[in-house]
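Tertiary structure, described
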Amino acid sequence: SCMIEGAEDTALLPAQEGGEEPQGKDASTADNGAAADLREYVQNNGGSFFFTLSDSENREVPKDDAGNYIVTAETPYILTMGLSLPEGIAPGSYQYQLPEGLTVAAGSGTFTLNGTDVGTWTVSESGLLTFDFNQNINNRTDVTISSMMSVVFHESEQPINFDGNITVTVQKPPEEE
C-alpha cells in the first residue's frame with residue numbers, strides 16, 4: 001500500500017505545482033520562487049527610487065510649498081516608479097509594495113535597455129509590484145528603468161509617503177451640487 005500512496009502523492013504534485021520546477025537552479029537558490037525585497041536590494045546596492053505623479057493629460061501634478069503632491073481623492077493619476085541602479089541588478093524576481101491609501105489598475109510591461117529585453121514587471125490592484133529580470137541584465141551598470149501605472153488615491157488624513165521620495169496629500173473631491 002505504501003507504493004500506491006506514493007504514486008497518488010506524486011500524481012497530485014504536478015497539478016499543484018503548476019509545472020514550476022526550478023530550472024537548472026540548485027536547491028540553495030530555489031527557495032519556492034520567493035521574490036527578493038526590491039527596496040532592500042536597491043538600498044544595499046547604492047541605488048535609488050524615483051517617483052513622479054502625473055494627471056491623465058500627462059502633466060506633472062502640482063506640489064505645495066513643502067514639496068508634497070496635491071491630489072484629489074478618487075481621481076485617476078499616472079504614477080511612474082523608477083529605479084536607478086549604478087551597479088546594476090542581478091537577474092531574478094523582486095517585489096515592492098506601494099503604500100496603502102491607493103488603488104492601482106493592474107498592469108504589466110517590459111523593461112528594455114538599448115533595444116534588449118531585460119525583464120518584465122507586473123502590478124496588482126493591491127499595489128504589489130513584481131519585477132522579473134532575465135539574464136540579459138547581467139553585467140550592466142548604470143541601469144535606469146521605470147514603470148508607469150494608473151492609480152487612484154483614497155481620502156486620507158495623513159499624507160501618503162513613497163519611501164521618503166515623494167509625499168502625496170489627498171484632498172476630498174469637490175462636492176457635487
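Structure shown above.
Each residue is numbered by its place in its chain's sequence as written, counting from 1. It should be noted that, the model being predicted, local features are given only for residues of pLDDT at least 70 and side-chain atom pairs only at 80 or more, the latter also being counted only at that level, while totals for whole chains, interfaces and linings use all residues. Values shown for side chains rest on all heavy atoms present in the structure; no hydrogens or waters enter the calculation.

Considerations on the side chain of serine 147
Put simply, the rule reads: In DSSP terms, a helix is any run of H or I states spanning at least four residues, a strand is any run of E spanning at least two, and both are numbered starting from the N terminus. Residue contacts are counted whenever heavy atoms from the two residues lie within 4.5 Å of one another.
Looking at where serine 147 falls in the secondary structure, it is placed in strand 10 (residues 143–153). Those residues in contact with serine 147, other than ones at most four positions away along the chain, are Leu79, Thr80, Met81, Phe111, Trp121, Leu129 and Phe131.

Side note on the pairing of strand 8 (residues 116–123)
Here is the rule: Strand pairing is defined by DSSP finding a minimum of two bridges between the two strands.
In the sheet, strand 7 (residues 107–113) pairs with strand 8 via seven bridges, with the strands oriented antiparallel. Following the sheet pairing, phenylalanine 111 is matched in strand 8 by glycine 119. Between the end of strand 7 and the start of strand 8, which pair antiparallel, lie two residues, with asparagine 114 showing a positive phi angle near 50°. Here strand 8 hands over to strand 9 (residues 128–133) after four residues, with glycine 127 in that stretch at a positive phi of 90°.

What to know about the environment of leucine 128
Mapped onto the elements of the fold, leucine 128 is located in strand 9. Between the C-alpha atom of leucine 128 and that of alanine 106, which follows or precedes it by 22 residues, the distance is 9.4 Å. Excluding anything up to four places from it in sequence, leucine 128 contacts Gln95, Tyr96, Gln97, Thr122 and Val123.

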